[in-house]
Amino acid sequence: MSDLAPRAVLSGHVPSPDADRVVELGDLDDWRPKLVASDLDGTLLTSDGEVSPRTRAALTACWDAGIPVVGVTGRGPRLLDSVRTAMDGRGIAVLAQGGFVVDLERDEVLRTVGLPRAQATAVIERIEEVAGELIVAVEDAAEQGEVHSPLRVQHGFDWPYPEPAHLLPRHQVLPTGAVLKVFLRSSTVGQDELLARALRVTDPADAEVTHAGLGFIEVLPPGITKATGLAIALERYGVGFGDVLVFGDMPNDLPMIEAVRDAGGRAVAVANAHPAVRSAAPLVTSGHDADGVARYLEALLDGRRPVSEVQGV
């Protein structure tokens with residue numbers, strides 16, 4: 001990876017054994033959402049980072065039925081074009097775990113929040129006290145005209161996307177200004193354990209910490225979650241969390257899953273979801289490589305199980 005690497009975007013998720021698992025939904029009740037919100041990588045997208053034809057048709061059917069669809073992703077604003085493509089340029093998208101919200105149709109940035117350098121440094125130091133030395137990457141706090149700024153990556157980070165990046169020594173990774181988020185990778189501690197240790201020493205008043213299943217954790221400005229990012233989209237549409245159907249797969253999806261579930265909406269985990277998400281979401285659909293989101297939307301909109309699912313396809 002270097003500044004000369006091609007600008008390409010792949011799903012950073014390694015396909016799980018349940019990615020192509022088909023789940024029989026059974027009969028759904030007559031509840032209908034006023035808005036659909038979905039994570040992208042590992043949920044809406046296939047393992048190669050694409051929207052399948054079946055999923056595209058299901059999303060279009062939602063819009064045709066008057067149900068807007070909001071993509072809610074950890075992808076940063078430098079990957080806005082890929083998010084725009086996934087969402088067919090329609091509606092509002094929530095990026096950077098909620099730190100960057102944009103109206104795709106109007107090219108209007110609705111939220112961009114940064115974490116001051118000193119605050120980010122202090123949080124990293126506290127996490128390293130309980131996890132050992134970490135490898136760092138940083139996404140600059142984005143202004144509307146700077147959404148394509150390359151990631152700042154410490155040598156040895158092993159970033160999962162083949163995209164342009166500034167490869168830097170550790171002391172140069174953090175910019176002088178605010179950052180949109182920080183990525184922390186350990187060579188000895190797995191992502192779940194690293195997140196658990198980080199949560200024990202990080203005050204929510206200083207930062208949010210989470211992970212998206214990519215092998216590292218993320219440090220975000222305080223109060224920045226997929227739930228607070230989604231809330232901005234909901235306000236624009238005049239919809240409450242109780243009228244939302246949400247799909248997710250990783251711990252970074254938990255805030256919006258719990259917000260929707262607790263408000264009386266419908267929260268659905270894909271079959272390949274992290275155990276914490278499977279535990280939090282009352283409902284489950286097929287894996288992301290088996291068009292799990294599309295299958296659920298088809299059943300919801302048709303009021304019956306999809307034909308292919310009845311046939312066991």
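Here the structure is shown first, and the text comes after it.
The text that follows walks through the structure, step by step, so that each part is easy to find. (Residues numbered from 1 in each chain as written. Predicted model: local features only at pLDDT ≥ 70, side-chain atom pairs only at ≥ 80, totals over all residues. Heavy atoms only, no water.)

### Considerations on the overall build of the protein chain
So, step 1. Along the backbone of the protein chain there are 11 helices and 14 strands.
So, step 2. When the 313 residues of the protein chain are sorted by exposure, 55% land in the buried category.
So, step 3. Restricting the contact set of the protein chain to residue pairs at least 6 apart, pairs at least 24 apart contribute 64%. (Helix = DSSP H or I, 4+ residues; strand = E, 2+ residues; numbered from the N terminus. Buried < 20%, exposed > 50% of the residue type's maximum accessible area, 1.4 Å probe, protein only. Contact = heavy atoms within 4.5 Å.)

### Thoughts on the nonpolar core
So, step 1. Within the largest apolar cluster, 33 residues are counted, with the highest numbers of intra-cluster contacts made by Val36, Leu245, Phe247 and Leu297.
So, step 2. Listed by contribution, the elements that provide at least two residues to this core are helix H1 (40-44), helix H2 (53-64), helix H3 (80-86), strand S3 (92-95), strand S4 (100-103), strand S12 (244-248) and helix H10 (292-302).
So, step 3. Top contributing element to this core by residue count: H10, with 6 residues.
So, step 4. In contact with Val36, not counting residues within four places along its chain, are Cys62, Ile67, Pro68, Val69, Val70, Leu245, Phe247 and Leu297.
So, step 5. If you look at the next biggest cluster of nonpolar residues, it comprises 26 residues, including Leu234, Val246, Leu254 and Ala267. (Core = buried A, V, L, I, M, F, W, Y, C linked by side-chain atoms within 4.5 Å.)

### Notes on the sheet that holds strand S11 (residues 217-220)
So, step 1. Strand order in the open sheet formed by 6 strands is S8-S7-S6-S9-S11-S10, and the pairing between neighbours is mixed. Strand pairing shows two members of the sheet lacking a second neighbour, strand S8 (165-168) and strand S10 (208-211), which therefore form its edges. Averaged over neighbouring strand pairs, the angle between their axes works out to 20° when direction is ignored.
So, step 2. In terms of strand pairing, strand S6 (residues 135-140) meets strand S7 (residues 151-154) through 2 bridges, oriented antiparallel. Considered in S7, the bridge of Ala137 is made with Val153.
So, step 3. Along the sheet, helix H4 (residues 117-131) contacts strand S9 (179-185), S10 and S11; its crossing angle with S9, the most-contacted strand, is approximately 15°. (Pairing = 2+ DSSP bridges. Axes fitted to C-alpha atoms, helices over the stretch in contact; angles between N-to-C directions.)

### A few points about the sheet that holds S12
So, step 1. Spatially, 8 strands are ordered S5-S4-S3-S2-S1-S12-S13-S14 in an open sheet, and the strand pairing comes out mixed. Strand pairing shows two members of the sheet lacking a second neighbour, strand S5 (108-112) and strand S14 (283-285), which therefore form its edges. Each strand of the sheet is rotated relative to its neighbour by a mean of 20°, with strand direction disregarded.
So, step 2. As defined by bridge partners, strand S1 (residues 35-38) adjoins strand S2 (residues 69-72) across 3 bridges and the pair is classed as parallel. Counterpart to Ser38 in the pairing with S2 is Gly71.
So, step 3. Docked against the sheet, helix H8 (residues 254-263) engages S2, S12 and strand S13 (266-270), running at close to 150° with respect to S12.

### So, unusual backbone geometry
So, step 1. The phi torsion at Asp107 lies on the positive side, around 50°, for a residue other than glycine.
So, step 2. Take Asp107: it is sitting in the loop between S4 and S5.
So, step 3. Accessibility expressed as a relative area gives 44% for Asp107, which makes it partly exposed.

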